[in-house]
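# Remarks on the overall topology
Residues per chain, in single letters:
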Amino acid sequence: MSFPRAKPISDLYDAVSTYDLVVVPDAPLASALNRRLDTPHLGAFAITPRRLAAGRREESEDRVAFLELIEHEDFDWKRGAYAIGNILQCWEHQGRVDAILDYDAYVDDATRRAVEHIGELPTTSKQLTDYRISGDRDVAVVGDDQLTQLERSILPSTYDTYSPFSDDEFDCPPFHVFDSSTAIVDTVVDAVTEANADEVAVVLDQGSEFSALVESALEAADIPFYGGPGFVDDPDHRTFVQLLRAAHGGTDTRISECRPLLARLGISLDVEHDAKRLYELDDEAIEWLVSFCETIETRTFAEALSAFERRVGHRLDAFAEELETLGIAETRATERAVDQLVFYLQTYEVPVDRENDGVLLADAKSAAYVDRPVVFYLGLDEDWTHSAPRRPWVDRDAQYTRNIQQFQLLLQSGARQYYLVQDAKGGSPVTPCLYFSELFDEEFERFSDLDSHVHTPQFDRRGEGFERESVDMTPTEMTTISQSSLGTYVNCPRDYLFGRLVDSPEEDYFKEGNLFHDFAEFYVNHPDFVDEDVVDNVVEHMLAETRPFVRSVDEATRRTKYRAGVETIVAFFDTNPPSDEAFLTPTSSRGDNVFADRFDRPVDSPVTERWFENDDLGLKGKIDLVHAPTRLVDHKSGSRKSASTVVTNSAIDLPIDSPNFQALLYLTHWRAQYPDRPLEFTFFHFLETLDDVVAGEVDLDDTLTTVSYYPIPFDAHVRSETFFDELVEEGANKCQKTLSQVDYETYTAAFDDASVPDTSDSDELIESTFGQGFIKRMKTAVGDYKYVTQGCEQAMRQMARVRGRTFFEDDLDSFEAFVDERLDELNQRRAGVERFPVDGLGGEPNYRYVDNRDLLLEGNR
C-alpha cells in the first residue's frame, strides 16, 4: 500500500527558503514553513493567497456577505444564503464577481441584487480580485494546481513552482481496526497527556460521532485541545436553540423528543412518561419549561434568552451579541424567526475565541497539512470523501485532483501516523474513503481487506487491576413464567433479557386497555349502579387519563371509541352474565381498580381479575373473567383473530414468528383446577364492532373468538359418538347424507383400520391411509356413489378444522413439558452458563415484535 510521498516540510523549506515570497494553498502549510525560518525576513514569507491579499487572517466571507445582505435587503434568509453561496463559489472558480450572471439558470432578481452588494464589500474575494503580486519579487508557488482560478489571479507573470510530492513512495502504515468508536477514542486519550498534548493532532470528520466523543473524552481527562467545538457546539448555546425549537414543536410534542433538553435543564422524568405529550403531563418538574413554551410567541429573542439565563444561572453574552449582529434581538421569537435563526447557525460558522494550545483537532475535509509530530486519523470512511460542487462553473476534474491531492498530503502529516478505523458498524461493513481506491492498486471492500491489525478488548484474567468485593451473584431461580414473557422469550431470548433490564415508556394502548379492563371488572361487580350518567363519567375519565398520549384533534374520535367500547362491554355482560360464583373463593383478586376508587365501591367478585401462580406447572397470569367453571374470558381491545389463528400462534413444535401462548397457558392452568372436563377460552374483542356500534347495529357474536379444550386425544375425539352425531346433524350436505345411512359402530370401525394423522391439513388427512380406508368402508356400507366420496371428504375436512382450532389432551401435556424446558433453559442462561441468543426457537426473530431492537447486535456479539 503505497502512493507518492509528500515532501517533508524541512525539504520544502530548504527548496524555497531563498525566495522573497512563497505562495501555498493551505494555511497550516504556511505556518509550518514560517516556523522554520532561521533568518530575519521582511514581510510575509510563506502565505496563502487570501491572507496575502487581505493582509490579515481570513474571515468567513460568506457569513460577512450574508450579514450585509440581510441588513440592507428584505430577503428570505435561505434564498439569500443560496444566492451568496453561488456567487462566491462562481467567483472563486471563474475569477469575477459577476461571473454568476453568465449562467441563466442560477440568475434571478435576488442574485442580481446580491452581486451588487457583494461586489462592494471588503471581502477577501474582492481583495484577491484587486490584488497583484509585484513583478519584482522573487516568488515560489507550492502546489499551484491546488489553487483556484481566483487565487491564481494574484500571481505575477513569472514565478517558480514546486510540487508538494517527491519521486519517492510513501508506504502507508497499517490500519488499526477496532470494534467500536469508543474503543478508538479511548486509544487516543490513553496516548495523550497534558505534557505531550501540544505534539498531538487528531484528524476526523467534524460531522461524525468522533467529534463529540473526542471532545468530551479530552475534557474528562483534563487534556487541553483546540480546533474542535464551534459556537453552536457550546452546550448552553445548543440547549437554548433546542428550547426555542421545542417551544414551537406543537401540542403533540412528546417527552421522548425533549430528553436532551430536559437533561440540560436538570429535569429528571421517569422513562414511563416518554410517550406522553409535554403539555399534558401533570408534573411540577416541567412547569418552567411548559410556561416558557406557552408564552414564546409573546417574547422577543432577547427576552427568551434572559429567561433562559435566569434558569441556568449565568449569562450567554456571546449569544446575545450574535442576536444583535443579526438584528433580531428585539424580534418576536415566532416559529418563522426561530427557523431562520436555526438555519443561520447551521449554515455559517460564527467566530469564537480559542486558546491555540493542546491537542489539535483538524477537520478531514478542510486541512491538507497538520504540523504535529504525532497524528491520529479517526474513521477514514466514506464520509471523508469530498462532495464536488455540482455547478457548471466548477471544473469537476480539476476539483477532484485538488481533493485527492489534499487527501494524500493529509495522510502523511506528522512524523508518525496512526489510522484508527472500524471494520463494521451495526453489523454492516464500513466503506473506506473512496480516494483509497485511486491510491491503492488492489481490490478491497473494507479495511480488513487491506494491511491491518485487529484490536480486540483485552481483559485482565489474573484478577489484578481492580479491587474486587466478594458478592454473591447466584441468580434467583425463576419458577413461573407469564404468557407474554414466554412469547417474547420464544421469539427472541435477548429481547426478553433486555425487557427485564430496561424500563419502557407507558404506551397509550396499554393505558386504554387497563382502563377498559377496570371498567369490565367494575361492571361485573356493580351492574345495577352503572347507568347512562356513570357511562358518561367513565368515558370522560378515560379521556382525561389518556389525554397526555393523544393529540387534541383526535379527542372526539377517542370519545366515540371509548363510549362504544364501554357500551359493548355493558351489552356483553347483560346478555352473558357470569354464572354462580360459589365455586370460587373471593380472595384471589389482585390489583387496584380506578373506577372502584372513583365511585368508592369495592370490586370483590371472585370471578374477575383472578391472579394465579402455579408453581407445579411453572405458570402465572391474570384471568380477566371466570365466566363459568369451565369457561374463561379475556377482554381484548385489539383486532379479532380466528380460533385457528389462536391455535396456530400457540405452536410449540415449530413456533411461528408471532407466538402467543395465552389461551394454551391459561387452559393448562385451569385444567389443573378442573381435570377431565371440557373447557373453553373466549377472547372478547369489545372494539371489534366499533363501526357497527356507531351505526346502531351490533352482533355480539362478532366480538367473540372461542377456543375449546377436550380432555382426550384428537383421534379419540373424532371417533367419539358425540362427534359422529355432530357430523350427522350439523355436517355439510353430502356428509349428512352419507353418515345418516350408517350407524355409529360402522363409523367407529373405520378408526380401527388405521390411525388418524394428527394434522389440520385436510388434503393430508384425505390422502392418508386412514382417509382412503374411511372412504372405502363408507362405500361398502352405503354404496359406490360419487356423493359418498364427497361426503367422506367433507367429514374429514371437518375433522381437520376441529384439529386446527381446538386444543386436546396431548397439546396441553406437550405444553407443560415445553414450559419446563424453557424454564430450565432460561435459568441456565440467567446463571451465565450460556448467553441469551438473538435467534429464538423459530430462528431469526420477528423484529416487528421486538421491543429493544436498538440493543440487539446480530451474530454472536
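Provided above is the structure to which this section pertains.
So, here is what we can say about the structure in this document. The numbers attached to residues start from 1 for each chain and follow its sequence in the written order. Whole-chain, interface and lining totals are the exception, using all residues; otherwise, since this is a predicted model, local features are given only for residues with pLDDT of at least 70 and side-chain atom pairs are given and counted only at 80 or more. Each side-chain value is worked out from all heavy atoms of the structure, with water and hydrogens disregarded.

## Let's talk about the side chain of Arg-829
Among the secondary structure elements, Arg-829 is positioned in helix α35 (residues 809–830). Here a polar contact is recorded for every N or O atom pair within 3.5 Å, except that within protein the pair must consist of a potential hydrogen donor and a potential acceptor, and residues adjacent in sequence are included only if both atoms are side-chain atoms. Looking at Arg-829, its side chain comes within polar contact range of the side chain of Glu-834, at 3.3 Å. What Arg-829 contacts, discounting residues up to four positions off in sequence, is Tyr-489, Pro-493, Glu-834, Arg-835, Phe-836 and Pro-837. A run of H or I in DSSP becomes a helix once it reaches four residues, and a run of E becomes a strand once it reaches two; helices and strands are each numbered from the N terminus. Residues are treated as being in contact if the distance between any of their heavy atoms lies within 4.5 Å.

## Thoughts on the pattern of salt bridges
For salt bridges, the criterion is a side-chain nitrogen of Lys or Arg within 4 Å of an Asp or Glu carboxyl oxygen. Tallied over the entire structure, the rule returns 41 salt bridges. With its nearest N and O atoms 3.5 Å apart, the salt bridge here joins Arg-36 to Asp-371. Here Asp-371 lies in the loop between β10 (359–363) and β11 (374–378) and Arg-36 lies in the loop between α2 (27–34) and β3 (46–47), a separation of 335 residues in the sequence. Residues Asp-236 and Arg-264 are paired through a salt bridge, measuring 3.3 Å at the closest nitrogen-oxygen approach. Of this pair, Asp-236 sits in helix α11 (residues 235–247) while Arg-264 sits in helix α12 (residues 259–264), and the two are 28 residues apart along the sequence. Residue Arg-264 is classed as partly exposed on the basis of its relative accessible area of 42%. Overlapping salt bridges bring together Glu-821, Arg-822, Glu-825, Arg-829 and Glu-834 as one network. Exposure classes here rest on a 1.4 Å probe applied to the protein chains alone. A residue is buried below 20% of its type maximum, exposed above 50%, and partly exposed in between.

## Focus on the pairing of strand β16 (residues 608–614)
Of all seven residues in β16, five are buried; the element is thus mostly enclosed. Strand direction decides the pairing type here: β16 and strand β17 (residues 619–628), joined by six bridges, are antiparallel. By the bridge assignment for β17, Arg-610 is matched with Ile-623. Strands are treated as partners if at least two bridges between them are detected by DSSP.

## Thoughts on the packing of α11 against helix α14 (residues 301–312)
Any two packed helices are characterised by the angle at which their axes cross and by the distance between the axes. Where helices are involved, their axes are fitted lines through C-alpha atoms of the stretch in contact, as for all axes, and angles between N-to-C directions lie from 0 to 180°. Interaxial distance between α11 and α14 falls to 11 Å at its minimum, and their mutual angle equals 120 degrees. By the criterion of interaxial angle, the relationship of α11 to α14 is oblique. Here α11 runs over α14; the crossing is right-handed. Between α11, through Asp-236, Thr-239, Phe-240, Leu-243 and Leu-244, and α14, the contact on the second element is made entirely by Phe-301, Ala-304, Leu-305 and Phe-308. Each residue belonging to the contact of α11 with α14 can be placed in one class, and the counts come to seven nonpolar, one polar and one charged. The labels follow the angle: roughly parallel below 35 degrees, roughly antiparallel above 145, roughly perpendicular from 65 to 115, and oblique for the rest. Two helices cross in a left-handed way if the nearer one is turned anticlockwise from the farther one by less than a right angle. They cross in a right-handed way if the turn is clockwise. Note that Gly is not counted as nonpolar here; it falls among the polar residues with everything else outside the nonpolar set of Ala, Val, Leu, Ile, Met, Phe, Trp, Tyr, Cys and Pro and the charged set of Asp, Glu, Lys and Arg.

## Some points on the sheet that holds β10
One key point about sheets: their strands pair by backbone hydrogen bonds, in either a parallel or an antiparallel sense. The strand order β9-β10-β8-β11-β12-β7-β15 describes an open sheet built from seven strands, whose pairing is parallel. Each edge of the open sheet carries a strand with a single partner, namely β9 (225–226) and β15 (452–454). Each of β7 (175–178), β8 (200–204), β11 and β12 (416–422) is contacted by helix α9 (residues 181–191), which is oriented at about 155 degrees to β12, the strand it contacts most. Contacts from helix α10 (residues 209–220) reach β8, β9, β10, β11 and β12 within the one sheet, and its direction differs from that of β10 by about 170 degrees.

## Focus on the sheet that holds strand β5 (residues 160–162)
The strand order β3-β2-β4-β5 describes an open sheet built from four strands, whose pairing is parallel. Either end of the sheet is taken by a strand with one partner, and the two such strands are β3 and β5. Across three bridges, strand β4 (residues 139–142) lies against β5 in parallel orientation. The partner of Val-142 across the bridge, within β5, is Tyr-162. Sheet strands in contact with helix α1 (residues 9–16) are β2 (21–23), β4 and β5, and its direction is about 155 degrees off that of β4.

## Thoughts on a negative patch on the surface
Patches draw on residues past 30% relative accessible area with no salt bridge. Two like charges within 9 Å are joined, as are two nonpolar side chains (Val, Leu, Ile, Met, Phe, Trp, Tyr) within 5 Å. The accessible surface values rely on the Shrake-Rupley method and a 1.4 Å probe; as for residues, cover is taken only from the protein chains in view. His is not counted, nor are the chain ends, whereas Lys and Arg count as positive and Asp and Glu as negative. Every charge is mapped onto a representative atom, which is NZ of Lys, CZ of Arg, CG of Asp or CD of Glu. Together, Glu-688, Asp-691, Asp-692, Glu-697, Asp-699, Asp-701 and Asp-702 line one region of the surface with negative charge. Following the sequence through the fold, Asp-692 ends up in helix α27 (residues 690–695). Note on Asp-692: relative accessible area 31%, which makes it partly exposed.

## Observations regarding a nonpolar patch on the surface
Nonpolar side chains collect at one region of the surface, where Leu-501, Val-502 and Leu-855 lie side by side and expose about 250 Å² of accessible area between them. On the secondary structure map, Leu-501 appears in helix α20 (residues 493–501).

## Brief notes about the packing of aromatic side chains
Stacked, tilted and edge-to-face are the three classes applied to pairs of Phe, Tyr and Trp rings, where Trp contributes its six-membered ring and a pair requires centres within 6.5 Å; stacked means planes under 30 degrees apart, edge-to-face means over 60, and tilted covers the rest. For the coordinates displayed, the defined rule picks out 54 aromatic pairs. Taken together, a centroid distance of 5.5 Å and an interplanar angle of 85 degrees make the contact between Phe-175 and Phe-436 edge-to-face. Within this pair, whereas Phe-175 is found in strand β7, its partner Phe-436 is found in helix α18 (residues 435–439), the two being separated by 261 residues in sequence. Just as Phe-175 is buried, Phe-436 falls in that class too. Centre to centre, the rings of Tyr-747 and Phe-774 are 5.9 Å apart; their planes meet at 90 degrees, and the pair counts as edge-to-face. With Tyr-747 in helix α31 (residues 744–753) and Phe-774 in helix α33 (residues 769–782), this residue pair connects regions lying 27 residues apart in the sequence. Across the pair, exposure class does not vary: Tyr-747 and Phe-774 are buried alike. Placement of a positive charge over a ring is assigned whenever Lys NZ or Arg CZ falls within 6 Å of the ring centre and within 35 degrees of the normal to the ring plane. One cation-aromatic arrangement involves Arg-822 over Phe-818; the distance from NZ or CZ to the ring centre is 4.8 Å. Looking at Arg-853, its charged tip hangs above the ring of Tyr-847, at a distance of 4.1 Å from the centre.

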